[in-house]
Amino acid sequence: MLSQEHITMPVIALRGLVAMPGATIQFDVGRKKSVMAVDGAMKNDQIVFLTAQKDTFVDDPTFDDLYAIGTVSRIKQVIKMPGENMRVLAEGLYRACLLDGRVEEPFFVGEIGEIYNDTDTLTPVLTKAYVRSLRTVFDEYLMYVPKMPAEVSMRVFSEEDL
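Residues numbered from 1 in each chain as written. Predicted model: local features only at pLDDT ≥ 70, side-chain atom pairs only at ≥ 80, totals over all residues. Heavy atoms only, no water.

Draft legend 1. Structural context of the packing of helix H2 (residues 124-142) against helix H3 (residues 150-158). Following both chains from N to C, one finds H2 and H3 inclined at 160 degrees, their axes separated by 10 Å at the closest point. In this view, H2 runs roughly antiparallel relative to H3, as classed from their interaxial angle. Crossing handedness for the pair H2 and H3: left-handed. The segment H2 lies against H3, with Arg135, Phe138, Asp139 and Leu142 engaging Val152, Ser153, Val156, Phe157 and Ser158. Residues that form the contact of H2 with H3 fall into these classes: 5 nonpolar, 2 polar and 2 charged. (Axes fitted to C-alpha atoms, helices over the stretch in contact; angles between N-to-C directions. Helix = DSSP H or I, 4+ residues; strand = E, 2+ residues; numbered from the N terminus. Parallel < 35°, antiparallel > 145°, perpendicular 65-115°, else oblique. Left-handed = near helix turned anticlockwise from the far one by under 90°. Contact = heavy atoms within 4.5 Å. Nonpolar A, V, L, I, M, F, W, Y, C, P; charged D, E, K, R; others polar.)

Draft legend 2. Geometry of the packing of aromatic side chains. Under the criterion given, the structure shown has 3 aromatic pairs. Aromatic side chains Phe138 and Tyr141 sit 6.1 Å apart centroid to centroid with 40 degrees between the ring planes, which places their arrangement in the tilted category. Here Phe138 and its partner Tyr141 are both found in helix H2, 3 residues apart, which amounts to about one turn of the helix. What makes Phe138 buried here is its relative accessible area of 13%. (Phe/Tyr/Trp six-rings, centres within 6.5 Å; stacked < 30°, edge-to-face > 60°. Buried < 20%, exposed > 50% of the residue type's maximum accessible area, 1.4 Å probe, protein only.)

Draft legend 3. The pairing of strand E3 (residues 47-52), seen in detail. By the criterion of burial, E3 is predominantly enclosed, with 6 of the 6 residues buried. In terms of strand pairing, E3 meets strand E4 (residues 69-80) through 4 bridges, oriented antiparallel. The partner of Ile47 across the bridge, within E4, is Arg74. (Pairing = 2+ DSSP bridges.)

Draft legend 4. Just the pattern of salt bridges, in detail. Applying the stated criterion across every chain, the model contains 7 salt bridges. Of the charged contacts in the structure, one is a salt bridge between Lys32 and Glu84, with a shortest N-O distance of 3.9 Å. Taken together, the residues Lys32 in helix H1 (residues 32-43) and Glu84 in the loop between E4 and strand E5 (86-104) connect sequence positions 52 residues apart. Glu84 carries the same exposure label as Lys32, and that label is exposed. Two residues, Lys76 and Glu91, come together in a salt bridge whose shortest N-O distance is 3.6 Å. Here Lys76, found in strand E4, pairs with Glu91, found in strand E5; they are 15 residues apart in sequence, far enough to count as distant. Accessibility expressed as a relative area gives 49% for Lys76, which makes it partly exposed. (Salt bridge = Lys/Arg side-chain N within 4 Å of Asp/Glu carboxyl O.)

Draft legend 5. Representation of the nonpolar core. Ile12, Leu14, Phe27, Val29, Val38, Leu50 and Val88 are the most contacted members of the largest nonpolar core, which has 18 residues in total. Counting residues in each nonpolar core, the second largest holds 13 residues, with Phe49, Val72, Tyr94 and Ile112 among its members. (Core = buried A, V, L, I, M, F, W, Y, C linked by side-chain atoms within 4.5 Å.)

And the structure:
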């Protein structure tokens, strides 16, 4: 379910990476728009909307090149790298939807609406079915990532909470 309240914040396009609520991720930022978005967030409340690019080979994405669903995240740390690059550590706060976007030079700004978690209304039987389905998909994923750390696999297969 989508929130009625919308928030405006910087938008950062991630290549080949997805931010998730409750997870801390580290990523490198090199595009000028993204560097400026990080700088803009750090001068305000350190909040950004992180969303994945549909095509990782697009060097200068537009809003059409981004997925609408992403994660509102808090920037925890920024490390300046050689050149204008930086390494960013961010914590995912909640899922959200990019409702509208514009380029406010020098970076993307989006109108963001929170997506509320509706798993609280699931029955125990349906929750079990979803967990079983997710494990099956993860098992298939493991065929493509043979060097997955054992502790990650063990955690996924032992988790009961959606």
